[in-house]
Amino acid sequence: MTISVSEQTQVVIVGLGYVGLPLTLAFGEHFSCTGFDINSARVEGIKGGHDLHREVSSEQIKRSSVTFTTDPKCIRNADLVIVTVPTPITDDYEPDLNLLTSASKLIGMEFRKRTASETPPVVVFESTTYPGCTEDFCGPLIERESGLVSGDSFYLGYSPERTNFGDQEHSLDSVVKIISGQNSEVEQFIFDAYSKIATAGLHLAESIRVAESAKVIENIQRDLNIALFNELALIFEKMDIDSSAVFDAAATKWNFNRYAPGLVGGHCIPVDPYYLTHAAEQAGHTSKVVLAGRAVNEAMPAVLFEKIMALCTENGLTIETASILFLGATFKPDVSDLRNSKTLTLFGKLSGINSTTQLFEPNVNSEVIGKIVTQLVTETEVLNHRWDLVVIGVEHSKYSEELKDHLFGDKSRTELVVDIPGMLRDHDTISSPYLYWRL
Ligand SMILES: NC(=O)c1ccc[n+]([C@@H]2O[C@H](COP(=O)([O-])OP(=O)(O)OC[C@H]3O[C@@H](n4cnc5c(N)ncnc54)[C@H](O)[C@@H]3O)[C@@H](O)[C@H]2O)c1
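Note that the structure is a prediction, hence the values are computed from the model and not measured.

Remarks on the overall build of the protein chain
- When its secondary structure is counted, the protein chain shows 15 helices and 13 strands.
- Over its C-alpha atoms the protein chain spans a radius of gyration of 24 Å, differing by no more than 12% from the 22 Å that the globule rule assigns to 439 residues.
- Here the C-alpha coordinates of the protein chain stretch approximately 80 × 50 × 40 Å along the principal axes.
- The 439 residues of the protein chain split such that 43% are buried.
- Sequence-distant contacts in the protein chain: of pairs separated by 6 or more residues, those separated by 24 or more amount to 72%.

This is the structure we're talking about:
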């Protein structure tokens, strides 16, 4: 039976998180679209026009024709099911496929209830995973639960999400999207459906495995490059050479790619490499370079903590009793996402040695962060204090000029500033009223 895309095509998105919700709204502009999630609080919040992750506005949700539900029945008659559930790692740094498993099984169970006369549905996975996972792991689960045959009575595809959340420049409509399918007919179907929403263009990968591999190496490349710059920064630190000046000089060469050293957190870059190293191991290759990069980046919170302790001692500050302010706790700038935040890990280490260490995090709802950190300060409290040590963890554009002036201006009331993201890059050590260190 042939499959084709039309205005009647029914699309269901499984998993309404950072990736799934914007995707649902985008597909909802062109097709009859349903957003499904097992988390009823999340679904109720969205129905009320509220996206906890602040990726989409209340207006965008309210003007959309999309239906949001926790009832998996919507999957039953869908023509296109897109899976955007999380793919984390276990405590042993192995892929944790539990959510992909439950989503695949659920899809299979619903497909079992389809009438035989319906055209075969297409299931596209967007969750980041290892090469082979869609066809060798998810497909067989759907087959087992549905009694259908992959590549015959349902089809598989893979289209990785590669937008950068919290970054308006690299969004769904401005980034080329990779698509792939099990055969040329499903490739055409996926191309026709996705071309409506990915207006920057589509890249048809040669196979599902190629598409899965491409996604995972995009993040591995970034992880490794940051690891290299972290290591270089630490080497030059020992040699008393300004690493930033070294990078500036080297970057004048046409083929030098500059990266910024720093903390690598979140749910993608520090997680995805383990999906490839797991698959590599299964294929008989033990990764060296990829895991070495991971080890360097994972060690950074501990390395920076030791550095802060040493800086305090060198400058006559007793870290245990100092008044310490920490700026930002999210895993990257200008997002509200705290998942796997290494900045938060560093804050935890500091507050472990000095329980009065305060955190200012203007980007996260105080109810959310209040469940993790109790030592929170408001901007007014920051302005009313003199701080022995200010650690800049994340560079948020929400820090007000008044706050920056109070902490880092000419008449700063701060003793020592540790600047991990290099927010005060152009800092002038000669005329500075405080001691300054950056990575
Ligand atoms: N967030 C990003 O920046 C980003 C970027 C690129 C790729 N990815 C990848 O996309 C995938 C999703 O990431 P995310 O950040 O959107 O995750 P998320 O945690 O924000 O959201 C996932 C949603 O899936 C729901 N869910 C879990 N199991 C389900 C099931 N069986 N059925 C229905 N819903 C289910 C959860 O309740 C949650 O609302 C991951 O594989 C991630 O690696 C994420």
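Okay, back to it.
Section: the nonpolar core
- Grouped together as the largest cluster of nonpolar side chains are 114 residues, with contacts concentrated most on Val14, Val81 and Val391.
- Among the elements that take part in this core, helix α8 (residues 208–238) stands out by supplying nine residues, more than any other.
- Two domains each provide a minimum of three residues to this core, namely domain 1 (10–205) and domain 2 (243–438).

Some points on the sheet that holds strand β6 (residues 155–158)
- Read across the open sheet, the six strands follow the order β3-β2-β1-β4-β5-β6; overall the sheet is parallel. Two strands close off the open sheet at either side, each with one partner strand: β3 (67–69) and β6. The sheet shows a mean angle of 20° between the axes of neighbouring strands, direction not considered.
- Those strands touched by helix α6 (residues 133–146) are β5 (122–125) and β6, and its axis lies near 140° from that of β6.

A short note on the domain arrangement of the protein chain
- One can read the domain layout of the protein chain as domain 1 (10–205) and domain 2 (243–438).
- In this structure, domain 1 and domain 2 have C-alpha centres spaced 34 Å apart.

A word on helix α10 (residues 272–282)
- Every buried residue belonging to α10 is among Asp272, Pro273, Tyr274, Tyr275, Leu276, Thr277 and Ala279, and all of these are buried.
- Remark: Gly284 follows α10 within two positions and exhibits a positive phi of approximately 95°.

Regarding α8
- An ideal rise of 1.5 Å per residue puts 45 Å on 31 residues; α8 measures up with 46 Å between its terminal C-alpha atoms.
- Among the residues trailing α8, Asp240 stands out with phi positive, at a value near 60°.

Here's the deal with the environment of Tyr18
- Turning to its location among the elements, Tyr18 is positioned in the loop between β1 (10–14) and α1 (20–28).
- A tally of 22 C-beta atoms within 10 Å means that Tyr18 is categorised as buried.
- Once residues lying within four places of it in the same chain are set aside, the contact partners of Tyr18 are His53, Glu55 and Phe165.

Structural notes on the environment of Val176
- Following the sequence through the fold, Val176 ends up in the loop between β6 and β7 (177–179).
- C-alpha of Val176 to C-alpha of His203: the two residues are 27 residues apart in sequence and 6.8 Å apart in space.
- Setting aside residues up to four positions removed in sequence, Val176 forms contacts with Ala200, Gly201, Leu202 and His203.

A short note on the environment of Ala200
- Relative to the helices and strands, Ala200 resides in the loop between α7 (184–194) and β8 (202–204).
- Sequence-distant contacts of Ala200, defined by excluding residues within four places in its chain, comprise Asp173, Ser174, Val175 and Val176.

Observations concerning the pairing of strand β4 (residues 80–83)
- Where burial is concerned, the two faces of β4 agree: the one with Leu80 and Ile82 and the one with Val81 and Val83 are both buried.
- In this structure, β4 lies alongside β5, joined through four bridges in parallel fashion. Within β5, the position partnered with Val83 by the bridge is Phe125.

So, the sheet that holds strand β13 (residues 435–438)
- Spatial ordering of the open sheet is given by β10-β9-β11-β12-β13, a layout of five strands whose pairing is parallel. The open sheet terminates on both sides in strands that have one partner only, identified here as β10 (358–360) and β13. Adjacent strand axes in the sheet meet at a mean angle of 20°, parallel and antiparallel pairs treated alike.
- Where strand β11 (residues 387–392) meets strand β12 (residues 414–419), five bridges bridge the pair, whose relative direction is parallel. Bridging across to β12, Trp387 finds its partner in Thr414.

Section: the packing of α8 against α10
- Their axes nearest at 8 Å, the elements α8 and α10 cross at an angle of 115°. Compared by their axis directions, α8 and α10 come out roughly perpendicular. In the packing of α8 onto α10, the handedness of the crossing is left-handed. On the side of α8, the interface is formed by Val216, Asn219, Ile220 and Asp223, while α10 contributes Asp272, Pro273, Tyr275 and Leu276.

Regarding unusual backbone geometry
- One non-glycine residue, Asp240, lies in the positive phi region at around 60°.
- One can find Asp240 in the loop between α8 and α9 (243–250).
- Using a count of 6 C-beta atoms within 10 Å as the deciding quantity, one classes Asp240 as exposed.
- Of note in the backbone geometry, Asp334 takes a positive phi value of approximately 60° without being a glycine.
- By the element assignment, Asp334 lies in the loop between β9 (324–327) and α12 (342–353).

Procedures and definitions
- Residues numbered from 1 in each chain as written.
- Predicted model: local features only at pLDDT ≥ 70, side-chain atom pairs only at ≥ 80, totals over all residues.
- Helix = DSSP H or I, 4+ residues; strand = E, 2+ residues; numbered from the N terminus.
- Rg over C-alpha atoms; globule rule 2.2 N^0.38 Å.
- Buried ≥ 20, exposed ≤ 12 C-beta atoms within 10 Å, placed from the backbone.
- Contact = placed C-beta atoms within 7 Å.
- Core = buried A, V, L, I, M, F, W, Y, C linked by C-beta atoms within 7 Å.
- Domains from an automatic or database assignment.
- Pairing = 2+ DSSP bridges.
- Axes fitted to C-alpha atoms, helices over the stretch in contact; angles between N-to-C directions.
- Expected span 1.5 Å × (residues − 1).
- Parallel < 35°, antiparallel > 145°, perpendicular 65-115°, else oblique.
- Left-handed = near helix turned anticlockwise from the far one by under 90°.

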